[in-house]
Amino acid sequence: MPVMRIKELREAAGMSQSALGVQMGVVQGAIGNWETEVSLPKTRDIPRLSKVLHCSIDDLFVKEQDPGSEDFPVPDYYDTPEEE
């Protein structure tokens, strides 16, 4: 499961990998690696990345589903036979 939404946010901002790389001071390949999660940006670069992509730091990260929500699938192994 992906951890970050860099590609989605970059595309929404209308930026190429190369343009984002220039803004972040890294090569285009580094942006590609971040997007595919071969590697991730350094912690110190996260605030700058959020500014360049015009989003909050929280928005950079994929949100986990709340286990109490309807959309959260309950695994079959939690189904137990009803007692009679």
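In case you missed it, the structure is sitting above this.
In short, a report on the structure. A quick note: this is a predicted structure, and the numbers were derived from the prediction, not measured.

Describing the nonpolar core
Then comes step 1: If you look at the biggest cluster of nonpolar residues, it comprises 14 residues, and the most contacted ones within it are Ile-6, Leu-20, Met-24, Trp-34, Leu-49, Leu-53 and Leu-60.
Then comes step 2: Contributions of two or more residues to this core are made by α1 (6–12), α2 (17–24), α3 (28–36) and α4 (46–52).
Then comes step 3: It is α4 that provides the largest number of residues to this core, a total of three residues.
Then comes step 4: Filtering out sequence-adjacent residues up to four positions away, Leu-53 remains in contact with Ile-6, Leu-9, Arg-10, Met-15, Leu-20 and Leu-60.

As for the pattern of salt bridges
Then comes step 1: Applying the stated criterion to the full structure yields four salt bridges.
Then comes step 2: Between Arg-5 and Glu-8 there is a salt bridge, and its shortest N-O distance comes to 2.7 Å.
Then comes step 3: For Glu-8, a relative accessible area of 45% gives the class partly exposed.
Then comes step 4: The closest approach of N and O atoms between Glu-11 and Arg-10, which form a salt bridge, is 4.0 Å.
Then comes step 5: Relative accessible area serves as the criterion here: at 46%, Glu-11 is assigned to the partly exposed category.
Then comes step 6: Owing to a relative accessible area of 8%, Arg-10 belongs among the buried residues under this scheme.
Then comes step 7: When salt bridges with common partners are traced through the structure, they connect Arg-10, Glu-11 and Glu-35 into a single cluster.

Scoring rules and cut-offs
- Residues numbered from 1 in each chain as written.
- Predicted model: local features only at pLDDT ≥ 70, side-chain atom pairs only at ≥ 80, totals over all residues.
- Heavy atoms only, no water.
- Core = buried A, V, L, I, M, F, W, Y, C linked by side-chain atoms within 4.5 Å.
- Buried < 20%, exposed > 50% of the residue type's maximum accessible area, 1.4 Å probe, protein only.
- Helix = DSSP H or I, 4+ residues; strand = E, 2+ residues; numbered from the N terminus.
- Contact = heavy atoms within 4.5 Å.
- Salt bridge = Lys/Arg side-chain N within 4 Å of Asp/Glu carboxyl O.

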